[in-house]
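Breakdown of the fold
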Amino acid sequence: MDRQAEQAAFAKACAYLNYKKGAKWTAHAAAAGAGVVYVALLVILWLFTDLLVYRGQLPTHHSLTPLQQTRFYAEWNALDVGERQKRLQDLGYLDEERIQRLARLPLENLDLSSETVRADLRTIWYAQVRHILLTRLGAEALPERDDYNANVGIISLLVRAETEGRLITPMVAALARWAKWTRNPRGGGIISPYLIGLLVIGVVLAILGAALMLLMREMAARATIEATTRLRRAVYHHTFRLGTLAFRALGPTEAVSIFARHIEAVHDALFTYLTVSYRAPIKFVLLIAFALFVQFWLALASLMLALLVWLIGGQVAAYFRRRGRQATHLASEILTILRESLMLMRLVKCYLMEQFNQNRVERQLARYARVQMIRLRGEALYQSLLILLGLLCALLLLFVAGVLVLSGQLTVASLVALSTALVSLYQPVQRWLEARRFLRRGRDSAEVVFKFLERRGEVGQVVGAEFLPPLHKQIEFDNVCLREPGSSRMLLQEVSLTIPAGKRVGLIGPDDLEKHALVYLIPRLLDPT
């Protein structure tokens, strides 16, 4: 079938969804909302993991990653002496002499084996943390001097993000300012408000996601059922306008097939269109955006490797599947020959050909075994190759991720969130590929349905036609002519016939259509030409 014609027919079927326009757009909105909620749950997972790994503690100088130390030293060295003195004075417990000495201390080529140097670096780092919190959150968020082992909630993430210069810093700061339960300047216990808040938000998002999925399916079902009901109603009424269906031997079989099988296929395609066709791409794009936001280059490398595995593995799988199909066809032919050998049993016994037939069967069995081995070996090869490629890519990504985590360019929480997002990409891709089968079948059926509905009606009310009076005396045909609907063939040519009431008459002839046509003129299933 022509692809453009199929798409045009399916577009007409989709137009029937507008009879329930509110349900249609509600299903679209719910599908998009479900994708957004899923990504929001990944954000909650990210924050949960960050809290579990770092326990909500402010980073000390000793716990800084190489990347954080490098950026901290560079920022401090870029400050003038006056700004350094101001930040150190804000600590409130240093004497003037130490402030002057630390303000002039360059953070480069330091002897970290010296306890004095390490103490100076801790003090400068405290000043830096205080400045970050004052700038981003204000004085109310400042921790106490000895509060670096306490659970301060999202403040821990804010300090680390600011030190690393990450893009999420303004968003984390805005969240900390808006939701004060996410931070605890005086320290918190094990079950902190931040942990409880994440749990509550996660539960709410999970319930919201389930509700949106239910709403999407409910609205999609309403719009789809309304559309297919109207299509079935249209097919039902149009069936009575087609005279061809009235007298052909199979009767309305074509209409019955369209009414049941084809419109049911259109129903499945429309439901898939309203659910999967919108939700899967939106979820896929949001997951990719989230992964790229978490760690752009690692996410991009993962996607490129997945694409490479798909391209190489797809070509290899297609080659071996093609060979497998050829081997299957050949094996079927060999089995046919073996069946023939068994069917020749009486002939073989009569002519004493047992040895010949046995040799023939053995040759075919050996050939069948070779063919089946080719097929099975090919399946094993391409499946093993795909698994090997996937494992190699996964190990390579784990190695790169390990280097990034150890160097401080990627946190463990970010790695967990990134991995979850990348793994979650499989589900929308799989659903979308499955949906293509329903949509393809629906397009084919939609073309059949609308070809039927666009067929010109052949039975109608003739202008000036008289209603037949009740039959009391006889039925009379006076020079009746009838042309086959939709063609130029004459079924009846000047037929004159009188049938008295109560008399039984048999019609005898070689053509069933002509006999049916004569009978169907009586109840006005057809009109004379």
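Residues numbered from 1 in each chain as written. Predicted model: local features only at pLDDT ≥ 70, side-chain atom pairs only at ≥ 80, totals over all residues. Heavy atoms only, no water.

Digging into the overall build of the chain
When helices and strands are tallied, the chain shows 17 helices and two strands. The C-alpha atoms of the chain give 40 Å as radius of gyration, which overshoots the globular expectation for 529 residues (24 Å, by more than 25%). On the principal axes, the C-alpha backbone points of the chain span a range of 130 × 80 × 35 Å. Taking all 529 residues of the chain together, the buried fraction comes to 38%. Put simply, 75% of the contacts in the chain that link residues at least 6 apart link residues at least 24 apart. Only carbon and sulfur atoms are counted for the fraction: they give 62% of the accessible area of the chain, which is about 30,600 Å². A distance of 5 Å separates the average location of the 63 positive side-chain charges in the chain from that of its 44 negative side-chain charges. (Helix = DSSP H or I, 4+ residues; strand = E, 2+ residues; numbered from the N terminus. Rg over C-alpha atoms; globule rule 2.2 N^0.38 Å. Buried < 20%, exposed > 50% of the residue type's maximum accessible area, 1.4 Å probe, protein only. Contact = heavy atoms within 4.5 Å. Areas by Shrake-Rupley, 256 points an atom, 1.4 Å probe, with all protein chains shown as cover. Lys, Arg positive; Asp, Glu negative; His and termini not counted. Charge placed at Lys NZ, Arg CZ, Asp CG, Glu CD.)

Description of the nonpolar core
F72, L88, L133, V159 and F290 are the most contacted members of the largest nonpolar core, which has 68 residues in total. Filtering out sequence-adjacent residues up to four positions away, V159 remains in contact with L58, P59, W125, V129, I132 and L133. A23, V235, A269 and L453 belong to the second-largest nonpolar core, a separate cluster that totals 29 residues. (Core = buried A, V, L, I, M, F, W, Y, C linked by side-chain atoms within 4.5 Å.)

Digging into a positive patch on the surface
A surface patch of like charges, here positive, comprises R3, R436, R437, R440 and R441. At four residues, helix α16 (residues 426-453) tops the list of elements feeding residues into the positive patch. With respect to the helices and strands, R3 occurs in helix α1 (residues 3-15). (Patch = residues over 30% accessible without salt bridge, like charges linked within 9 Å, V, L, I, M, F, W, Y side chains within 5 Å. Salt bridge = Lys/Arg side-chain N within 4 Å of Asp/Glu carboxyl O.)

As for the packing of aromatic side chains
Counted according to the given criterion, the structure contains nine aromatic pairs. The interplanar angle of 85 degrees and the centroid separation of 5.8 Å between the aromatic rings of Y273 and Y278 together place this pair among those described as edge-to-face. Judged by relative accessible area, Y278 falls into the partly exposed class, the value being 29%. On the numbers, 4.9 Å between centres and 85 degrees between planes, the contact of F296 with W297 is edge-to-face. F296 gets classed as partly exposed once you look at its relative accessible area, which sits at 40%. In this structure W297 comes out as exposed when scored by relative accessible area, which is 62%. These aromatic residues form a ring-pair network of at least three members: F10, Y273 and Y278. Its end group placed over the ring of F259, R232 keeps NZ or CZ at 5.7 Å from the ring centre. (Phe/Tyr/Trp six-rings, centres within 6.5 Å; stacked < 30°, edge-to-face > 60°. Lys NZ or Arg CZ within 6 Å of the ring centre and 35° of its normal.)

Thoughts on unusual backbone geometry
With phi around 55 degrees, R55 is a residue other than glycine that occupies positive phi space. Residue placement: R55 occurs in the loop between α2 (21-54) and α3 (66-78).

Description of the packing of helix α15 (residues 412-424) against α16
Between α15 and α16, whose axes approach to 5 Å, the crossing angle comes to 10 degrees. Relative to α16, the element α15 is oriented roughly parallel. In this structure, α15 contributes L422, V423 and S424 to the contact, and α16 contributes Y426, Q427 and P428. Considering only residue class, the contact of α15 with α16 consists of four nonpolar, two polar and no charged. (Axes fitted to C-alpha atoms, helices over the stretch in contact; angles between N-to-C directions. Parallel < 35°, antiparallel > 145°, perpendicular 65-115°, else oblique. Nonpolar A, V, L, I, M, F, W, Y, C, P; charged D, E, K, R; others polar.)

Quick look at the side chain of T272
Here T272 lies in helix α11 (residues 253-294). Residue classification places T272 among the buried residues on the basis of a relative accessible area of 8%. In contact with T272, not counting residues within four places along its chain, are S277, A435 and F438.

Here's the deal with the environment of G408
With respect to the secondary-structure elements, G408 resides in the loop between α14 (354-407) and α15. Taking the C-alpha atoms as reference, G408 lies 62 Å from A366; in sequence the two are 42 residues apart.

Examining the layout of surface pockets
Empty space within the largest pocket amounts to approximately 1,400 Å³. Around the largest pocket sit 35 residues that line it, and A306, L307, V309, W310 and Y426 are the ones nearest its centre. The greatest single-element share of the lining of the largest pocket, amounting to 14 residues, is contributed by helix α12 (residues 296-343). (1 Å grid on protein atoms, 1.4 Å probe; cavity = no way out; pocket = protein on both sides within 12 Å on 5 of 7 lines; lining within 4 Å. Points joined across faces, edges and corners; volume = space filled by probe spheres on them.)

Focus on α2
Look at α2: 50 Å from first C-alpha to last across 34 residues, which is about the 50 Å you get at 1.5 Å a residue. At the C-terminal side of α2, R55 shows a positive phi close to 55 degrees. (Expected span 1.5 Å × (residues − 1).)

Considering α14
A rise of 1.5 Å per residue sets the reference length of α14, with its 54 residues, at 80 Å; its end C-alpha atoms lie 78 Å apart and thus fit the reference within 8%. Turning to α14, its buried residues number three or more, namely N357, R360, Q364, V371, Q372, G378, Y382, L389, C393, L397, A401 and L404. Packed against the buried residues of α14 are α12, α13 (345-350) and α15. Note on α14: the residue one or two positions beyond its end, G408, has a positive phi of about 90 degrees.

Points about a nonpolar patch on the surface
Taken together, the side chains of M304, L307, L308, W310, L311 and I312 make up a nonpolar region of the molecular surface, amounting to roughly 610 Å² of accessible area. Assignment of secondary structure puts M304 in helix α12. On the basis of relative accessibility, which here comes to 46%, the residue M304 falls in the partly exposed class.

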